[in-house]
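# Observations on the three-dimensional arrangement
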Amino acid sequence: MSQEKVIVLDFGGQYNQLIARRVRECNVYCEVHPYHMPLEKIKEMNPKGIIFTGGPNSVFFDDSPKCSKEIFDLGIPILGICYGSQLIAHMLGGEVKDAPTSEYGKTDVELDNTSLLFEGVSRHTVCWMSHTNYIETSPAGFRITGHTPVCPVAAMECPERSLYATQFHPEVLHTAEGQKMLANFVFKICGCAGDWKMDSFVERAIDEIRQKVGSGKVLCALSGGVDSSVAAVLLAKAVGKQLTCVFVDHGLLRKNEGDEVEAVFGPDGPYDLNFVRVNAQERFYSKLSGVVEPEAKRKIIGEEFIRVFEEEAKKIGAVDYLVQGTIYPDVIESGLGKSATIKSHHNVGGLPDCVDFKEIIEPLRLLFKDEVRRAGTELGIPEHLVNRQPFPGPGLGIRIIGEVTAEKVKIVQESDAIYREEIAAAGLAGSISQYFAALTNMRSVGVMGDGRTYDYAVALRAVTTTDFMTAECADIPYAVLQKVMNRIVNEVKGVNRVVYDLSSKPPGTIEFE
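Residues numbered from 1 in each chain as written. Predicted model: local features only at pLDDT ≥ 70, side-chain atom pairs only at ≥ 80, totals over all residues. Heavy atoms only, no water.

## Comments concerning the overall build of the protein
Across its full length, the protein carries 14 helices and 18 strands. Counting only C-alpha atoms and orienting by the principal axes, one finds that the protein spans roughly 70 × 65 × 40 Å. Here the protein holds 513 residues, and 59% of them are scored as buried. When contacts within the protein are restricted to residue pairs at least 6 apart in sequence, those whose partners lie at least 24 apart make up 74%. Where the 54 positive side-chain charges of the protein centre and where its 69 negative ones centre are 2 Å apart. (Helix = DSSP H or I, 4+ residues; strand = E, 2+ residues; numbered from the N terminus. Buried < 20%, exposed > 50% of the residue type's maximum accessible area, 1.4 Å probe, protein only. Contact = heavy atoms within 4.5 Å. Lys, Arg positive; Asp, Glu negative; His and termini not counted. Charge placed at Lys NZ, Arg CZ, Asp CG, Glu CD.)

Have a look at this one:
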C-alpha cells in the first residue's frame, strides 16, 4: 500500500494491535511488525512514525528484545510506550532500574502540556500504568514531561530528534485522554494527513486483486460469517465468474445457519457468485472423535477445511488461488514476533503443510473487525449481514468443551438459538458486542418432574467491547437471564443447569474454549 503509514514494533506487549487500532481511528494506516524488523525494511516502508510497544521483559538483561540503535538516527518520529520508553532511555544513555514501588492500573499523572504530545491534554490526568521497572534518569538531551509521586519519568521527550516516550499506556481506554495523545503524535509530530479511508481501501483492494489474479481461477472459503462474506463480495467485484465460493457445512454452525447462508449466497441470492455447498457434517464429527483439547480441534478443523476445498477445486478444474477471510486480530493472536500465541485461527495457524493452490489471498488480513464491517457497507452488503454476530471459523467445535458429538452440537444449537431470541426480544442485541451459548463438559445432578437427572450445564457468554482485543462482561438484566435459563432447561433435552460467564478479556478470551 502506498498511503502514509505508522508502524508499530512489537516487543511482546499485550496491547500491540490495540495501538494499531487506535492509530487507525485517526484515519492513519498502521501495521504491527516484530521488533527485529530489519532497518532496511523499515526504510523501504518509509513510515511517517514508529511506535515501540510495551513488553514483559526488563531492558537491562542481555537477552531482552532490542532494536538497532541506528533506528534513532533515521529522522522518523518514535513514540516508546512502557517497555518501549524504557528501551529508548536504556539505549540512549539513561538509567532504568527496578521500581521501588510498582504501579498497576489507573494512576494520576502530572503532565507538561506544553509538549506537542500532550497539547490539549489536562495537566493532571488519569493514565494506565503497568510496570515493575522505571526510568530513574532520562538520557542526555531529553526533558521530563510527566511524573507521578513514585515514577520520576512517566513521560519524556527529545523534540530535536522527534523522540517521545510514556511509561503509561495511552492506547487503552483506561487512559482518559490517551486517544488525544496518540492523535497528537500522528498529526502534530509525525505530520500525517489522516487520509486512510475505507472507500479508498476497497477500491485499492479490488484493483490489487485483479492485477494478482489476472485470468486465474479463484476458490473462496465461504463460511457465511462477516469476514468471509465481505471477502467473497470483494472478490466477486474484482473477478466475477472467475470466482467459485465453496460453503462447507461442517455440522458446527448455528441453528439453521447452513440454509440461511445458501439463501443469501446461493443461486437464488442477490450476488453473482458461483456457489457450491458441501455437506460434510459426518466427516468432521469423525475427525473430531475423541479430541478434547481446543487447540487440537482448531488444527483439525482448519486442515479438514483445506482438504475439502482441495477436493472441490479438483471437481471444478484447476484453481490458482484460495481466498480466506483472515483479519488482523487472527494474524496477531496466532503469534507475531515475540508476542505470545493466544490461539491458532483456522485461517492462520491451522493450514496443512501442503496446500494444493498457487497462493492464498487474504484481502482483509490487515483489517480489524469493525473495519471489515465498514468495508462490507462500502461494498453494499445488507446491514443485517454486515452486522451479524461474530462466529469463529471452527464454529461450535470450540464452544463445546471436551469431545464434539452430534448430540452436543444439537444442545448448543438449540440453547444458542433461544439465547439469541431472548436477547433480541429484550432489545439488547445492539448494545452487546458478542453473545452466545456454549456447552461445558460438566454434568451434574438435577431434579426435573420429580425425577433425578444427570445432565449438562450450558454457559451463556456476553461481552461489550470496542475492538475485541479487550472485553467486559455485559450487564444483562437478571430477568432476561432467568427467562433464558427457564427456556433452555425446559426446551433443550440434556440440560439441567445454566450459568453466566462473568469473565473479562483478559484474563479470559471471548470465545468459550
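## A short note on the sheet that holds strand S13 (residues 321-323)
Sheet strands line up and pair through hydrogen bonds in the backbone, either parallel or antiparallel. If you trace the five strands from one edge of the open sheet to the other, you get S12-S11-S10-S13-S14, paired in parallel fashion. For this open sheet the edge positions go to strand S12 (274-279) and strand S14 (359-361), each flanked by a neighbour on one side alone. The mean inter-strand angle of the sheet, taken between neighbouring strand axes irrespective of direction, is 25°. In terms of strand pairing, S13 meets S14 through three bridges, oriented parallel. Bridge pairing in S14 places Leu322 opposite Ile360. Helix H5 (residues 198-213) contacts strand S10 (218-222), S13 and S14 of the sheet and is inclined by roughly 165° relative to S14. (Pairing = 2+ DSSP bridges. Axes fitted to C-alpha atoms, helices over the stretch in contact; angles between N-to-C directions.)

## Regarding the sheet that holds strand S9 (residues 163-166)
Strand order in this open sheet of nine strands is S2-S1-S3-S4-S9-S8-S7-S5-S6, and the pairing throughout is mixed. For this open sheet the edge positions go to strand S2 (29-34) and strand S6 (124-137), each flanked by a neighbour on one side alone. When strand polarity is set aside, the average angle formed by the axes of neighbouring strands in this sheet is 20°. The pairing of strand S5 (residues 95-111) with strand S7 (residues 143-147) spans two bridges and is antiparallel. Counted as the bridge partner of Glu110 is His147 from S7. Along the sheet, helix H3 (residues 83-91) contacts strand S3 (49-52), strand S4 (78-81), S5, S6, strand S8 (155-158) and S9; its crossing angle with S4, the most-contacted strand, is approximately 115°. Strands in contact with helix H4 (residues 178-189) are strand S1 (5-10), S3, S4, S5, S6 and S9; relative to S4, the strand with the most contacts, it is inclined by about 160°.

## A look at the pattern of salt bridges
Enumeration according to the criterion identifies 36 salt bridges in this entry. Across the pair Glu25 and Arg21 runs a salt bridge whose closest N-O atoms are separated by 4.0 Å. The class of Arg21 is buried, set by a relative accessible area of 5%. Where Arg277 meets Glu262, a salt bridge forms, and the shortest distance between an N and an O atom there is 2.8 Å. On the criterion of sequence distance, the pair formed by Arg277 in strand S12 and Glu262 in helix H7 (residues 257-265) is long-range, its members being 15 residues apart. Salt bridges here are not isolated pairs; linked through shared partners, they connect Glu421, Glu422, Lys483, Arg487 and Glu491. (Salt bridge = Lys/Arg side-chain N within 4 Å of Asp/Glu carboxyl O.)

## Some details on the packing of aromatic side chains
Summed over all chains, the structure comprises 12 aromatic pairs. Seen in terms of ring centroids, Trp196 and Phe201 are 6.4 Å apart; in terms of plane orientation they differ by 70°. Their pairing is edge-to-face. With respect to class, Trp196 is no different from Phe201; both count as buried. With 6.3 Å between their ring centres and 25° between their planes, Phe247 and Phe275 make a pair best called stacked. Of this pair, Phe247 sits in strand S11 (residues 243-249) while Phe275 sits in strand S12, placing them 28 residues apart in sequence. The residues Phe247 and Phe275 share a single accessibility class, namely buried. Through pairs of rings, three or more aromatic residues link up here, namely Phe11, Tyr35, Phe52, Phe72 and Tyr83. Positioned over the ring face of Phe436 is Arg399, at 3.8 Å from the centre of the ring. (Phe/Tyr/Trp six-rings, centres within 6.5 Å; stacked < 30°, edge-to-face > 60°. Lys NZ or Arg CZ within 6 Å of the ring centre and 35° of its normal.)

## With respect to the nonpolar core
Core analysis: the biggest nonpolar cluster contains 91 residues, and Phe265, Phe309, Tyr419, Leu460, Ile476 and Ile488 have the highest contact counts within it. Contact partners of Tyr419, with chain neighbours within four places excluded, come to Tyr435, Phe436, Ala437, Leu460, Arg461, Ala462, Ile476, Val484 and Tyr500. Counting residues in each nonpolar core, the second largest holds 38 residues, with Leu79, Phe118, Val186 and Cys192 among its members. (Core = buried A, V, L, I, M, F, W, Y, C linked by side-chain atoms within 4.5 Å.)

## Here's the deal with helix H6 (residues 226-239)
For H6, with 14 residues, the first-to-last C-alpha span of 20 Å sits near the 20 Å given by 1.5 Å per residue. Judged by how many residues are buried, H6 sits mostly within the fold: 12 of 14 residues are covered. Along H6, the residues classified as buried are Val226, Asp227, Ser228, Ser229, Val230, Ala231, Ala232, Val233, Leu234, Leu235, Ala238 and Val239. Just downstream of H6 lies Gly240, where phi reads positive at about 55°. (Expected span 1.5 Å × (residues − 1).)

## Looking at the packing of H6 against helix H11 (residues 369-378)
Running from amino to carboxyl end, H6 crosses H11 at an angle of 40°, the nearest separation of the two axes being 10 Å. As summarised for this structure, H6 and H11 are arranged oblique, according to the angle between their axes. Crossing of H6 against H11: the hand is left-handed. The residues of H11 that touch H6, namely those facing Val226, Asp227 and Val230, are Lys369, Val372, Arg373, Ala375 and Gly376. Across the contact of H6 with H11, the residue classes break down as four nonpolar, one polar and three charged. (Parallel < 35°, antiparallel > 145°, perpendicular 65-115°, else oblique. Left-handed = near helix turned anticlockwise from the far one by under 90°. Nonpolar A, V, L, I, M, F, W, Y, C, P; charged D, E, K, R; others polar.)

## Concerning the confidence of the model for the protein
Mean pLDDT for the protein: 88, with 94% of residues reaching 70 or above. Here residues 336-355 is a poorly scored stretch, pLDDT under 50, and it has 67 contacts once near neighbours within four places are set aside; other chains count. (pLDDT = per-residue confidence, 0-100.)

## Regarding unusual backbone geometry
In this structure, the amide linkage connecting Lys505 to the following residue, Pro506, adopts the cis form with an omega of -15°. Residue placement: Pro506 occurs in the segment after strand S18 (495-500). Of the consecutive residues Pro506 and Pro507, the connecting peptide bond is found in the cis state with omega at 15°. Its location among the elements puts Pro507 in the segment after S18.

## Overview of the packing of H5 against H6
H6 packs onto H5 with a crossing angle of 60° between their chain directions and a minimal axis gap of 9 Å. Between H5 and H6, the interaxial angle falls into the category oblique. Judged by the sense of rotation from one axis to the other, the crossing of H5 with H6 is right-handed. Seen from H5, the contacting residues are Val202, Ala205, Ile206, Ile209, Arg210 and Val213; seen from H6, they are Leu234, Leu235, Lys237, Ala238 and Val239. Tallied by class, the residues present in the contact of H5 with H6 amount to nine nonpolar, no polar and two charged.

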